[in-house]
Amino acid sequence: MKAFVAALVFAAIVAAGMSIVLNSVQQSSYEAFATGGARVGDPGHNLVGPS
Amino acid sequence: MASFARLIRLTIGAWAFLLLVIALPAPSVAQQVNPTASSVKEQQLLQELNRIQGRVSIPDQRSGVLVQPAGRDWREFRNVTLRWIGGIAILGMLAVLVIFYLSRGMVRLESGRSGRSIVRFPAFERFVHWVTAACFIVLAISGLNITFGRPLLLPLIGFEAFSEWSQWAKYAHIYLSFPFTIGVVVIFLIWIAGNIPNRVDVDWLKRGGGIVGHDHPPAYRFNAGQKAIYWIVIIGGTAVAVSGYLLMFPFYLSGIEGMQWAQIVHSIVAVLFVAAMLAHIYIGTIGMEGAFEAMGSGTVDVNWAKEHHSLWVEEEQAKARAASDGATRPVAAE
């Protein structure tokens, strides 16, 4: 049981850490594939814009 | 005299003509130029039908292609073919397991419990197993949502709930892929020594592995069935990880076609992976008495170990004897 709980905690920590790393490295698609002139001001709460 | 001179001129002319013929290089096949070699073929034209492409002023010129024929082929695979492959693989495996359980039932511990236990998997190995397993379950559910969520789940829970669930599932799918990949790599390293196929595996397979019938063929720490699962995890895990990271970092290493291929590989391997893991979960839980304890507490009953891994038990007992002999051996006085 301890190994199982430790595994869940480890997975959660690594996932949270990678979310921080990816969010600092990657851009949302509405930013990555367009210039400033073509960007949507507020893409809203969706899968391609900021959450 | 005149006829002699004519003969001389004729001879010189003949030689000159002969030299000219020899000196001129014969036109080779390689040097022939096909003026239509680079022209557009009829098949290429047909493949480009209905392509919608224009010019864009933004840096990403790929966005100028609005519709491409290869994209329609990929969409057909994703929306139709993949659902058939996944449905048949996963539902087929579930059906086989249900039929097998109803006909064979749980593989019982025939010699009963001895009351003595032996360490099967130490804490670190169970930790790595559960990291990989927990991540795999979330990745499988969130991945299946991408393929089957829209036709199956959306009509049940509506657009709002499906959108919210899919967004969180997508986050979980991306971020948990990293601990999953770490788990696959560590599993490869810690269990590779015990998972190299050998002659014992051939005998184990010939005798049905103790699953079919009530035979108990000998096996070392991992039997042939467990070795098969190990290599499915290593090869399948590597395939989904590599193809998944290609999709996670679009256009870093490949273009649109490469990403379509990555998605095809990722999705097919993933649904087959899920089907295989259903069988693994079955035999590790309700399929075999005492099997879950190996990954639950880490210890198994000695009789269970003797029935399913008799050669491994002999190895462990020999190690224990050697250790106790070393501990009790008298030390020479100095």
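Residue positions within a chain follow its written sequence, with the count starting from 1. By the order in which they are written, chains take letters starting at A while ligands take numbers starting at 1. Whole-chain, interface and lining totals are the exception, using all residues; otherwise, since this is a predicted model, local features are given only for residues with pLDDT of at least 70 and side-chain atom pairs are given and counted only at 80 or more.

Moving on to the overall build of chain B. Counting from the N terminus, the helices are DSSP H or I runs at least four residues long and the strands are E runs at least two residues long. A count of helices and strands for chain B gives eleven helices and four strands. Expressed as a percentage of its 334 residues, the buried residues of chain B come to 20%. Considering only intrachain contacts with a sequence separation of at least 6, the fraction spanning at least 24 residues in chain B is 69%. Exposed residues have 12 or fewer other C-beta atoms within 10 Å of their own C-beta, buried residues have 20 or more, and residues in between are partly exposed; the C-beta atoms are placed from the backbone. We call two residues in contact when their backbone-placed C-beta atoms lie within 7 Å.

Before going further, it helps to spend a moment on the overall build of chain A. In terms of helices and strands, chain A carries two helices and zero strands. For chain A, with 51 residues in total, the buried portion stands at 10%.

Bringing the interface of chain B and chain A into the picture now. Listed by partner, the interface residues are 18 residues for chain B and 16 residues for chain A. Among the elements of the structure, helix H4 (123–175) and helix H5 (177–191) of chain B are those that each provide at least two residues to the side of chain B that touches chain A. For the side of chain B that touches chain A, the leading source of residues is H4(B), giving ten residues. Its residues placed into classes, the side of chain B that touches chain A shows 13 nonpolar, two polar and three charged. Any residue outside Ala, Val, Leu, Ile, Met, Phe, Trp, Tyr, Cys, Pro, Asp, Glu, Lys and Arg is labelled polar, Gly included; the first ten of those are nonpolar and the last four are charged.

Right, let's talk about the nonpolar core for a bit. By our criterion, buried Ala, Val, Leu, Ile, Met, Phe, Trp, Tyr and Cys residues that link up through C-beta atoms within 7 Å make up a nonpolar core. The biggest cluster of nonpolar side chains holds 29 residues, and the ones touching the most others in it are A:Ala7, A:Ala11, B:Trp130, B:Val131, B:Ala134, B:Cys135 and B:Leu176. When contributions to this core are tallied by element, the ones reaching two or more residues are helix H1 (2–25) of chain A together with H4, H5, helix H7 (224–248) and helix H8 (256–284) of chain B. Per-element accounting of this core gives the leading share, ten residues, to H4(B). Beyond its immediate stretch of four places on either side in the chain, B:Ala134 contacts A:Ala7, A:Leu8 and A:Ala11. Within the second largest apolar cluster, eleven residues are counted, among which are B:Phe121, B:Trp204, B:Val300 and B:Ala305.

Quick look at the environment of B:Leu66 now. All names here are of chain B. Along the chain, Leu66 falls in strand E2 (residues 65–67). You can call Leu66 exposed: it has 11 C-beta atoms within 10 Å. Once the C-alpha coordinates of Leu66 and Arg51 are considered, the two residues, 15 residues apart in sequence, prove to be 7.8 Å apart. In contact with Leu66, other than residues within four places in its own chain, are Ile52 and Gln53.

A few words now on the packing of H1(A) against H5(B). To describe two helices that pack against each other, one gives the angle between their axes and the distance between the axes. Two elements in contact, H1(A) and H5(B), have axes whose closest approach is 7 Å; the angle formed by their N-to-C orientations is 125°. Looking at the two axes, H1(A) sits oblique to H5(B). Side by side, H1(A) and H5(B) meet where A:Phe10, A:Ala11, A:Val14, A:Ala15 and A:Met18 of the first sit next to B:Phe178, B:Pro179 and B:Ile182 of the second. Tallied by class, the residues present in the contact of H1(A) with H5(B) amount to eight nonpolar, no polar and no charged. Helix axes are fitted to C-alpha atoms over the stretch in contact, other axes to C-alpha atoms as well, and angles between N-to-C directions run from 0 to 180 degrees. Oblique is the label for any angle not covered by the other classes, which are roughly parallel (under 35 degrees), roughly antiparallel (over 145) and roughly perpendicular (65 to 115).

All names here are of chain B. Note on placement: Leu97 falls in helix H3 (residues 69–104). Accessibility expressed as a C-beta count within 10 Å gives 18 for Leu97, which makes it partly exposed. Placed 225 residues apart in sequence, Leu97 and Ala322 show a C-alpha to C-alpha distance of 43 Å. Dropping the residues within four chain positions of it, Leu97 is found in contact with Leu278, Ala279 and Tyr282.

Attention now goes to unusual backbone geometry. Residues and elements named next belong to chain B. Phi angles above zero are rare outside glycine, and Phe251 is one such case at about 70°. Along the polypeptide, Phe251 turns up in the loop between H7 and H8. Overall, the presence of 14 C-beta atoms within 10 Å leaves Phe251 in the partly exposed class.

This part takes up H3(B). By this rule the span expected of a helix is its residue count minus one, scaled by 1.5 Å. With 36 residues, H3(B) should cover 52 Å at 1.5 Å per step; its first-to-last C-alpha distance of 50 Å lies within 8% of that length. Positioned one or two residues after H3(B), B:Gly105 has a phi angle of 75°, which is positive.

Okay, the packing of H7(B) against H8(B) next. Residue and element names in this part refer to chain B. The interhelical angle for the contact between H7 and H8, taken along N-to-C directions, is 150°, at an axis separation of 8 Å. One way to sum up the angle between H7 and H8 is to call them roughly antiparallel. You can see that H7 and H8 cross each other, and the crossing is left-handed. Contacts between H7 and H8 involve Ile229, Ile232, Gly236, Ala239, Val240, Ser243, Gly244, Leu246 and Leu247 on the former and, on the latter, Gly258, Met259, Ala262, Gln263, Val265, His266, Val269, Ala270, Phe273, Ala276 and His280. Tallied by class, residues from the contact of H7 with H8 come to 13 nonpolar, seven polar and no charged. For any helix crossing, the convention is left-handed if the near helix is rotated counterclockwise from the far helix by under a right angle, and right-handed if that rotation is clockwise.

What follows concerns the confidence of the model for chain B. Predicted confidence across chain B gives a mean pLDDT of 88, with 89% of residues reaching 70 or more. For every residue, the predictor reports its confidence as pLDDT, a number between 0 and 100. Within chain B, H5(B) carries the highest mean pLDDT (98), whereas helix H1 (residues 2–23) of chain B carries the lowest (65).

All names here are of chain B. Topologically, Ser267 is positioned in helix H8. Sequence separation between Ser267 and Leu144 is 123 residues; the distance between their C-alpha atoms is 9.0 Å. Not counting chain neighbours up to four residues away, the residues in contact with Ser267 comprise Leu82 and Thr147.

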